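Here is what each chain is made of, one letter per residue.
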Amino acid sequence: MDHLRSAAWYQGADRNAYIHRAWMRRGLPDDALDATKPQIAIANTASDLTPCNMHLNEVAESVKQGVWAAGGVPYNLPVVSLGETQVKPTAMLWRNMAAMAMEEMFRANPIDGLVLLGGCDKTIPALLMAAASVNLPAIVVPGGPMLTGYFRGEALGCGTDVWRLSEEVRAGTITNAQFQESEQSTIRSKGHCNTMGTASTMAVVAEALGMTIPGFAGTPAADARLLKKSHETGRLIVDMVAAGRRPSDIMTRESFLNAIIAVAAVGGSTNAVVHLLAIAGRLGIELSLADFDAAGAGIPVMANLQPSGAFLMDDLHRAGGLLALLAQITDLLHPEPITVTGAPLVDALGGHPVYDDTVILPREAPLMADAGIAVLRGNLAPRGAIIKPSAASPELLQHVGPAVVFDSVEDMRARIDDPELDVTADSVLVLRGCGPRGYPGMPEVGNMPLPRKLLEAGVRDMVRISDARMSGTAYGTVILHVAPEAAAGGPLGLVRTGDIIRVDVAGRSLSVDVSEEELRSRGQSPASEAAYAKPSRGWAKLYVDHVMQADTGADLDFLVGSSGDEVSRESH
Ligand code: FES
């Protein structure tokens with residue numbers, strides 16, 4: 001084993017080393033701070049206010065046992081946690097803050113390796129961004145999805161079914177009392193959302209990047225094997241420190257391409273785009289929106305999971321899990337990238353049969369033959385916009401219709417159900433002022449509700465365009481992440497109600513039938529400009545001043561790249 005980083009704190013006979021050791025003794029074995037003992041931080045996003053991660057303290061205990069068993073010394077390190085359903089105005093506003101705080105604490109403390117405990121949507125991205133920038137040996141433990149909840153005998157997909165049932169209330173097909181009754185059944189157990197939403201997608205991403213023990217992603221939170229794998233992770237991180245294997249050895253451009261392929265194959269969340277771009281940015285890896293389109297092209301969606309399909313994460317696990325699914329497309333994956341074990345990811349794919357081919361569909365009979373995430377460009381989105389075709393209505397993937405423009409979320413909420421709203425099923429709903437800078441934090445409002453009068457008439461999907469994001473559990477023909485956003489001067493801010501918008505997903509284009517000259521002559525909508533965020537202090541001010549656009553990951557411009565694990569005077 002090379003010289004341990006923690007030796008800079010603990011070794012020596014001077015007063016500083018004395019202080020570092022003395023304050024940490026507190027009952028540790030005599031040799032715990034020896035020069036041969038890897039010091040392992042368990043970066044723990046457990047929080048009673050992050051319901052999806054509440055159980056991670058129990059998981060941390062299993063990791064600790066594994067670290068001790070392998071000769072290391074574990075420490076619980078509580079880090080900023082983000083409960084997707086709880087924090088306002090949107091958890092995405094705090095992702096970069098969490099990542100920045102984590103990075104600084106990883107660097108500032110006497111540790112040699114990291115185990116990253118995440119679950120709810122933003123927690124794994126923030127942990128990976130931080131681990132990438134500090135580049136200490138690290139392994140992700142995905143906290144796991146919850147068990148399937150049932151209401152009146154039917155499985156409930158958390159998130160997806162909430163959207164569906166709330167639309168049914170608005171359409172008048174179920175009562176609000178029936179909707180409220182389902183509330184007790186949705187969240188059946190510990191764990192994160194059980195659909196292929198953002199949390200499940202980011203667990204898949206972590207595994208496909210090579211940052212988990214292979215076969216970990218998707219293990220339900222309530223499954224005893226989650227604790228077994230957590231124990232194994234504790235053992236492995238000690239070996240990883242000894243081997244000097246770091247995130248930059250594992251997360252290469254090819255492993256990012258594998259992650260994009262995996263996200264396509266599971267019909268994963270559109271949020272994976274901003275998170276993967278941000279993590280890659282921390283590593284100095286060239287990754288662009290075009291890579292999502294190219295790497296995801298032709299990848300079949302084989303996971304028959306909500307919101308694209310029918311089943312839930314517990315079903316994926318019993319059907320064989322992610323490894324069984326990826327085993328079917330081994331030939332499409334890049335063979336070189338290694339995992340935290342040091343062996344290539346593709347080597348882990350042998351011997352994983354599919355036990356239920358209605359959940360993990362055969363490659364030759366997928367849910368959708370060519371899904372991935374499509375990147376649209378045109379005079380409405382010069383730097384790109386994205387859509388998840390597998391969650392959209394096939395008949396709307398090519399569409400021409402008049403815009404109905406909303407200047408802000410508040411404007412949309414105030415007018416969407418107005419019986420006088422001039423809208424038909426062919427209209428294109430446009431929402432602006434919801435990008436990284438405009439709101440701020442780029443909330444998940446892109447899947448805006450359909451006008452009540454159209455719902456009542458039986459309409460269940462329309463083309464919607466915005467600079468916002470969309471919940472990974474949502475569905476519909478929803479074009480998102482338009483860049484540049486309206487608040488950054490993008491043309492989305494220049495569209496007017498009645499303009500004809502053209503969407504051609506196959507042709508990868510998104511345009512408005514207005515000449516460049518005419519567009520240039522139009523000013524930004526005063527109502528939109530009035531609604532854009534103008535924070536004067538605190539994190540929101542720092543965020544708005546420095547956040548980048550969605551097409552580059554919406555990280556802060558000064559957080560791109562790595563500072564490594566060296567503690568310098570600037571770090572103090
Ligand atoms: Fe936490 Fe969905 S709310 S994963």
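Residues numbered from 1 in each chain as written. Predicted model: local features only at pLDDT ≥ 70, side-chain atom pairs only at ≥ 80, totals over all residues. Heavy atoms only, no water.

Naming follows an unreviewed UniProt entry, where the protein appears as Dihydroxy-acid dehydratase of Microterricola viridarii. You can read under Sequence similarities (unreviewed entry) in the UniProt record for the protein the words "Belongs to the IlvD/Edd family." (UniProt positions renumbered as here; feature names shortened; annotations may be inferred.)

K.L.:
So what exactly am I meant to see when it comes to the pairing of strand E2 (residues 73-78) here?
P.N.:
Working note: regular strand, side chains alternate between the two faces of the sheet. Pairing geometry for strand E1 (residues 39-44) and E2, over six bridges, is parallel. Paired with Ile40 across the two strands is Pro74, which belongs to E2. Between the parallel pair E1 and E2, the chain is carried across by helix H3 (residues 56-69), and the sense of this crossover is right-handed. (Pairing = 2+ DSSP bridges. Helix = DSSP H or I, 4+ residues; strand = E, 2+ residues; numbered from the N terminus. Right-handed = clockwise from strand over helix to strand, strands pointing away.)

K.L.:
Is there a simple way to explain the nonpolar core in this structure?
P.N.:
General note: in soluble globular proteins, nonpolar side chains tend to be found buried as a group. Counting residues in each nonpolar core, the largest one holds 120 residues, and the members touching the most others are Phe106, Phe256 and Leu276. Tallying contributions element by element places helix H12 (residues 253-266) first for this core, with ten residues. Those residues within four positions of Phe106 in sequence are excluded, and the remaining contacts are Arg5, Ala43, Leu77, Val79, Ile111, Leu114, Leu116, Leu127, Ala130, Ala131, Val134 and Leu136. Ala374, Ala392, Ala403 and Ile479 belong to the second largest nonpolar core, which has 30 residues in total. (Core = buried A, V, L, I, M, F, W, Y, C linked by side-chain atoms within 4.5 Å. Buried < 20%, exposed > 50% of the residue type's maximum accessible area, 1.4 Å probe, protein only. Contact = heavy atoms within 4.5 Å.)

K.L.:
What should I look at first to understand the packing of aromatic side chains in this one?
P.N.:
To describe a pair of aromatic rings, one takes the distance between the centres and the angle between the planes. This model, assessed by the stated rule, comprises one aromatic pair. Centre to centre, the rings of Trp539 and Tyr543 are 6.3 Å apart; their planes meet at 50°, and the pair counts as tilted. Of this pair, Trp539 and Tyr543 both sit in helix H21 (residues 538-546), four residues apart, roughly one helical turn. Looking at Trp539, the relative accessible area reads 12%, which means it is buried. (Phe/Tyr/Trp six-rings, centres within 6.5 Å; stacked < 30°, edge-to-face > 60°.)

K.L.:
Sorry if this is basic, but what is going on with the side chain of Thr90 here?
P.N.:
Position of Thr90 among the secondary structure elements: in the loop between E2 and helix H4 (91-108). Take Thr90: its relative accessible area is 6%, and that puts it in the buried class. Setting aside chain neighbours within four positions, we find Thr90 in contact with Tyr439, Pro440, Gly441, Met442, Pro443 and Arg469.

K.L.:
Help me understand the packing of helix H5 (residues 123-134) against helix H9 (residues 198-209) in this model?
P.N.:
Helices that pack against each other are described as a pair by the angle of their axes relative to one another and the distance between those axes. The interhelical angle for the contact between H5 and H9, taken along N-to-C directions, is 30°, at an axis separation of 9 Å. Between H5 and H9, the angle is such that the two are roughly parallel. Regarding H5 and H9, the two cross each other, and that crossing is left-handed. Facing Ile124, Pro125 and Leu128 of H5, the residues of H9 in contact are Met202, Ala203, Ala206 and Leu209. Tallied by class, the residues present in the contact of H5 with H9 amount to seven nonpolar, no polar and no charged. (Axes fitted to C-alpha atoms, helices over the stretch in contact; angles between N-to-C directions. Parallel < 35°, antiparallel > 145°, perpendicular 65-115°, else oblique. Left-handed = near helix turned anticlockwise from the far one by under 90°. Nonpolar A, V, L, I, M, F, W, Y, C, P; charged D, E, K, R; others polar.)

K.L.:
Looking at this structure, how should I read a nonpolar patch on the surface?
P.N.:
A contiguous nonpolar patch, built from Tyr18, Ile19 and Trp23 and spanning about 360 Å² of accessible area, is present on the exposed surface. Its location among the elements puts Ile19 in helix H2 (residues 15-25). With a relative accessible area of 34%, Ile19 lands in the partly exposed category. (Patch = residues over 30% accessible without salt bridge, like charges linked within 9 Å, V, L, I, M, F, W, Y side chains within 5 Å. Areas by Shrake-Rupley, 256 points an atom, 1.4 Å probe, with all protein chains shown as cover. Salt bridge = Lys/Arg side-chain N within 4 Å of Asp/Glu carboxyl O.)

K.L.:
Just to check I follow, could you spell out the side chain of Ser255 for this structure?
P.N.:
Structurally, Ser255 is set in helix H12. The exposure class assigned to Ser255 is buried, which follows from its relative accessible area of 0%. If we skip the residues at most four places from it in the chain, Ser255 touches Ala208, Leu209, Ile250 and Pro337.

K.L.:
Honestly, the packing of H4 against H21 in this entry has me stumped. Any pointers?
P.N.:
Between H4 and H21, the least distance of the axes is 10 Å, while the angle of their chain directions is 95°. Between H4 and H21, the angle falls in the class roughly perpendicular. Residues Met92, Leu93, Trp94, Asn96, Met97 and Met100 of H4 form the contact with H21, whose own contacting residues are Trp539, Leu542 and Tyr543. Among the residues forming the contact of H4 with H21, the class breakdown is eight nonpolar, one polar and no charged.

K.L.:
Please explain the UniProt feature "domain: Dihydroxy-acid/6-phosphogluconate dehydratase N-terminal" (unreviewed entry) in the protein as it appears in this structure.
P.N.:
Following the UniProt record, one finds the feature "domain: Dihydroxy-acid/6-phosphogluconate dehydratase N-terminal" (unreviewed entry) at residues 37-345. Counting secondary structure, residues 37-345 comes out at 49% helix and 9% strand; the distance between its end C-alpha atoms is 29 Å.

K.L.:
Where do I start with helix H13 (residues 271-283) in this structure?
P.N.:
The α-helix advances 3.6 residues per turn, and as a result positions three or four apart in sequence lie on the same side. Taking 1.5 Å per residue, 13 residues should reach 18 Å; H13 reaches 19 Å between its end C-alpha atoms and fits that length. Counting buried positions over the 13 residues of H13 gives 13, a clear majority of the element. Phi turns positive one or two residues past the end of H13, at Gly284, with a value near 70°. (Expected span 1.5 Å × (residues − 1).)

K.L.:
Even after reading the chapter, I still don't get the environment of Val544, so can you show me in this structure?
P.N.:
As for its placement among the helices and strands, Val544 is situated in helix H21. Residues Val544 and Lys534 lie ten residues apart in sequence; the distance between their C-alpha atoms is 7.9 Å. In this structure, Val544 is in contact with Arg437, Pro440 and Pro535, ignoring residues within four places of it in sequence.

K.L.:
I keep staring at the sheet that holds strand E3 (residues 113-118) and nothing clicks. Help me out?
P.N.:
In a beta sheet, neighbouring strands are held together by backbone hydrogen bonds and run either parallel or antiparallel to one another. If you walk across this open sheet you meet the four strands as E2-E1-E3-E4, and the pairing is parallel. The sheet is open, and its two edges are formed by E2 and strand E4 (138-142), each paired on a single side. Across the sheet, the axes of successive neighbouring strands diverge by a mean angle of 20°, strand direction being ignored. Each of E1, E2, E3 and E4 is contacted by H3, which is oriented at about 155° to E2, the strand it contacts most. The strands touched by helix H10 (residues 224-243) are E1, E3 and E4; relative to E4, the strand with the most contacts, the crossing angle is about 175°.

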